Amino acid sequence: MKFEAFMLRGLFVACLLVCGLVLGAMVNASPDAVRLAAAGSAGQLIATPTACALPPDGVVCPRLNG
């Protein structure tokens, strides 16, 4: 009985450690999009403010027929 309790306690500690490491990795993660937005270089990605990054299909990027 003591061995089983020791194993369960060890498993609990290991699970807590893994969960803590995963949570810490998620909190400290810094994706490329966040770094780009923080640097303020979004204007370099799109040349004109009316340009659409996708091909104009009339749904996502509306066609402007001036």
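Everything numeric here is computed off the predicted structure, so don't read it as measured data.

Draft legend 1. Just the overall build of the protein chain, in detail. Each helix and strand in the protein chain was counted, giving two helices and zero strands. Within the protein chain, buried positions represent 3% of all 66 residues. Accessible area for the protein chain stands at about 6200 Å²; split by element, carbon and sulfur atoms hold 72% of it.

Draft legend 2. The arrangement of helix H1 (residues 2-28) in detail. With 27 residues, H1 ought to run about 39 Å at 1.5 Å a step, and its terminal C-alpha atoms sit 39 Å apart, in line with that. Counted residue by residue, H1 has zero buried out of 27 residues, so it is predominantly exposed.

Draft legend 3. Summary view of a nonpolar patch on the surface. On the surface, a nonpolar cluster with roughly 500 Å² of combined accessible area is contributed by Val18, Val22, Leu23, Met26 and Val27. If you trace the backbone, Val22 turns up in helix H1. Residue class for Val22 comes out partly exposed when judged on its relative accessible area of 44%.

Draft legend 4. Quick peek at the state of the cysteines. Considering all chains together, one arrives at zero disulfides under this definition. Not engaged in a disulfide, the cysteine Cys15 finds its nearest cysteine sulfur in Cys19; these two sulfurs lie 6.5 Å apart. Cys19 gets classed as exposed once you look at its relative accessible area, which sits at 51%.

The rules we used
- Residues numbered from 1 in each chain as written.
- Predicted model: local features only at pLDDT ≥ 70, side-chain atom pairs only at ≥ 80, totals over all residues.
- Heavy atoms only, no water.
- Helix = DSSP H or I, 4+ residues; strand = E, 2+ residues; numbered from the N terminus.
- Buried < 20%, exposed > 50% of the residue type's maximum accessible area, 1.4 Å probe, protein only.
- Areas by Shrake-Rupley, 256 points an atom, 1.4 Å probe, with all protein chains shown as cover.
- Expected span 1.5 Å × (residues − 1).
- Patch = residues over 30% accessible without salt bridge, like charges linked within 9 Å, V, L, I, M, F, W, Y side chains within 5 Å.
- Salt bridge = Lys/Arg side-chain N within 4 Å of Asp/Glu carboxyl O.
- Disulfide = S-S within 2.5 Å.

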